[in-house]
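The lines below spell out each chain.
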Amino acid sequence: MKLVLSIVLVAGLVTVQAGEYTQRFLELYGEITNSNNGYYSKEGIPYHSVETMMVESVDYGHETDSEALSYNIWLKAMYGGISGDFSAFNEAWNVIENYMIPETQYNTDKYDPSAAASTSTITAGIDPIGNELKSSYGDNNLRVMHWLLDVDNIYGFGNTQGNCELGPSANGPSFVNNGAGSLFQGITYPTCDSFKYGGSNGFSWYSSVPNWQYSAAPDADARSILGAYWASQWATQQGKLSDISSTLSKASKLGDYLRYTFFDKHFKQIGNCVGGTVCPAGTGKDSAHYLISWYIGWGGAISSNGGYSWRMCSGEAHSGYQNPITAYALVNDPNLKPSSASAVSDWQASLERQLEFYQWVQTSDGPLGGGVTNSWEESYADPPAAVKANTFYGMWYKSQPGYEGASDWFGMQSWSMDRLAQYYYLTGDSRAQSVLEKWVSWILTQINVQTNYLTTPVSLSWTGNTPWDAKASVSGYGNMIGISSSIARTLTYYAAKSGNTQAKSMAKQMLDNMWQNNRDSIGLSVTTSVDSLSQVTTKVYIPISGWTGVYPNGEQINESSTFLDIRSFYKNDPNWSQLQNYLNGGSAPKINYHRFWEQADMALALGAYGLLFNE
Ligand SMILES: *[C@@H]1O[C@H](CO)[C@@H](O)[C@H](O)[C@H]1NC(C)=O
Ligand SMILES: *[C@@H]1O[C@H](CO)[C@@H](O)[C@H](O)[C@H]1NC(C)=O
């Protein structure tokens, strides 16, 4: 790592002598962290976006997700790398521990790794890491991030850390889950459901037992470890490793638990897994695909009387979730190696498997295809012959693993390729290089830099049954700050290692163009006409006919309720008049969103360019 900075300490102020791009990093960092600008809650938790009228993955802008917290780690790691001050990095990790890794996990002492979660139609295998983690950390709690947090407790469930349904008066961030159905149909519900709110069984459609459940988005946990790895590198170079060593041990522990992302949903054998009771249950690591998969779920009963707890993994792996840096870090950085006996060898296997996967899943044109599943139609069905013709460790190609549309969003390409480019930058691995060469030569033909604007692909559409015949067509071009930034960062890392001058020049042009055209007083933004908000009149999804319930704030939920009906807080939103006008037949709200992850993505692209090229 090239890091030629002279750091001068003057009266407690850190002055950095650096190039233009690191200066821009510091300028943007200053805006993101300025408490007047609205990116963070009073607890120091980054919101999904400054603006609250925001429905995309979260259903309110002042919810947050593990993604935002992971970007916060990486952003603050780089701030340490540039300024020499790692205290913000340590604090960012405390936010993860204090607010996103849930403590309320009743009955985990009843978890039996040898009987994970069989059903009448699926024989589940054994969980091969449960006992190992218990012996490393002393209990059966699972320690990864839940993915969704109602930071301002706007729903009023009051599932604050360590508590279950304290209600609207609880002061502090509350763990929630998105409801079933589309985002606009979903009934947001509490992670810990004591049946205090909702219907007679709370928000549980199929359980009459008060219960809790969490789910992780493992790409975010992995991104946090990536950030910790860079902090470790930069702190080592500056002789400041001891400043962050306790944080690194927390990241290492997260990496230990994150291995749950490697397993089939029901711990069944990986590969050619057809038939819920026919495909063999795993007996050890034969249930591991070793890729970063879609989710980890865990939960249980609240009462200890007849209590139980369960864990579920995922056999759906998307190319957009892979993170070879995290795998590399957990194997090679002595400060990050997890302590469980088989953890390092598992992550080593993951590193190799991910690199093979990138090569296998890349389409002939350059874009990465979707991914693979171990469970066709999510029921261990028998796939069509065309799918069976080309498998990955016996797993089936799926253009849209996870959910329909997962591969359409271009960030799945640029986020993942950026991580592969960082890995290539560190190691020079020829497997990474060949995938990057092809992807970079394709993306360079797709970026249009003009004086007043910039466009890149922002969405794709897909055809094909296997990576052999999979084809992506660009279905939308535009400038999304986060996507453009992650493309620029990919080109930066790739250029720094390969010496490709075209990639370097394009990265610079993109960064300059956005700095010129998209700056505003609190970061970077583009004006978006938010047509999707017409869907606030969508009726909520209730799978059981006749179900009715009540939210903590007294709002009624029934089959005729709409998204907006159960979220009347939107009527107090600073942007409400625009939405009201839209619903009355006017034009769609025009909002300059400031998504936390996008601001961080841009800052990280500027900082990477500055650090790698000393410009
Ligand atoms: C929308 O709300 C944001 C704050 O969330 C505010 O900065 C912006 O000015 C509002 N826009 C309009 C057009 O009301
Ligand atoms: C159904 O819920 C809506 C608000 O979500 C409420 O306005 C309406 O009165 C409720 N209907 C009944 C029959 O309770």
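Read on for an overview of the structure. Predicted model only: the values in this text are computed from it and were never measured. (Residues numbered from 1 in each chain as written. Chains lettered and ligands numbered in written order. Predicted model: local features only at pLDDT ≥ 70, side-chain atom pairs only at ≥ 80, totals over all residues. Heavy atoms only, no water.)

## Considerations on the pattern of salt bridges
Part 1: One pass over the full model with this rule turns up 24 salt bridges.
Part 2: Note that arginine 24 and aspartate 512 form a salt bridge whose closest N and O atoms lie 3.0 Å from each other. Remark: aspartate 512 occurs in helix α13 (residues 501-517) and arginine 24 occurs in helix α1 (residues 20-33); sequence separation between them is 488 residues.
Part 3: Arginine 24 gets classed as buried once you look at its relative accessible area, which sits at 11%. (Salt bridge = Lys/Arg side-chain N within 4 Å of Asp/Glu carboxyl O. Helix = DSSP H or I, 4+ residues; strand = E, 2+ residues; numbered from the N terminus. Buried < 20%, exposed > 50% of the residue type's maximum accessible area, 1.4 Å probe, protein only.)

## Focus on the site of ligand 1
Part 1: With respect to spatial proximity, the complete set of residues near ligand 1 consists of Glu51, Pro574, Asn575 and Gln578.
Part 2: Note that a nitrogen atom of ligand 1 is positioned 2.6 Å from one of the side-chain N or O atoms of asparagine 575.
Part 3: Considering ligand 1 on its own, with 360 Å² of exposed area, one finds that the protein chains cover 49% of that surface. (Near = heavy atom within 4 Å. Polar contact = N/O pair within 3.5 Å; in protein donor to acceptor, adjacent residues only side chain to side chain. Areas by Shrake-Rupley, 256 points an atom, 1.4 Å probe, with all protein chains shown as cover.)

## Concerning the state of the cysteines
Part 1: Following the criterion strictly, the structure yields 2 disulfides and no others.
Part 2: Disulfide pairing is shown between cysteine 164 and cysteine 192; the S-S distance is 2.1 Å. What sets the handedness of the cysteine 164 and cysteine 192 disulfide is the S-S torsion sign, and at about -95° it is left-handed. Linking cysteine 164 in the loop between β4 (148-150) and β5 (174-177) with cysteine 192 in strand β7 (residues 192-193), this pair joins segments that are 28 residues apart in sequence.
Part 3: Take cysteine 192: its relative accessible area is 1%, and that puts it in the buried class.
Part 4: The disulfide bridge from cysteine 273 ends at cysteine 279, spanning 2.0 Å between sulfur atoms. What sets the handedness of the cysteine 273 and cysteine 279 disulfide is the S-S torsion sign, and at about -100° it is left-handed.
Part 5: In the chain, the bonded cysteines, taken in the order they occur along the sequence, pair up as 1-2, 3-4. (Disulfide = S-S within 2.5 Å.)

## Some thoughts on the sheet that holds β4
Part 1: A sheet is described by the order of its strands in space; here 4 strands give the open sequence β3-β4-β5-β6, paired in antiparallel fashion. For this open sheet the edge positions go to β3 (63-65) and β6 (189-190), each flanked by a neighbour on one side alone.
Part 2: As judged from the 2 bridges shared by β5 and β6, these two strands associate in the antiparallel manner. Across the sheet, residue valine 176 finds its bridge partner in β6, namely proline 190.
Part 3: Each of β3, β4 and β5 touches helix α3 (residues 87-100); the most contacted strand, β4, lies at about 80° to it. (Pairing = 2+ DSSP bridges. Contact = heavy atoms within 4.5 Å. Axes fitted to C-alpha atoms, helices over the stretch in contact; angles between N-to-C directions.)

## Some remarks on the nonpolar core
Part 1: Among the nonpolar cores identified, the biggest contains 183 residues, and Phe25, Leu75, Phe203, Ile487, Leu491, Phe596 and Met602 are the most heavily contacted of them.
Part 2: Ranked by the residues each element gives to this core, the list is headed by helix α15 (residues 596-613), at 13 residues.
Part 3: Not counting chain neighbours up to four residues away, the residues in contact with methionine 602 comprise Leu28, Ile481, Ser485, Leu511, Met514, Trp515 and Leu524. (Core = buried A, V, L, I, M, F, W, Y, C linked by side-chain atoms within 4.5 Å.)

Distances and angles like these do not, on their own, reveal function.
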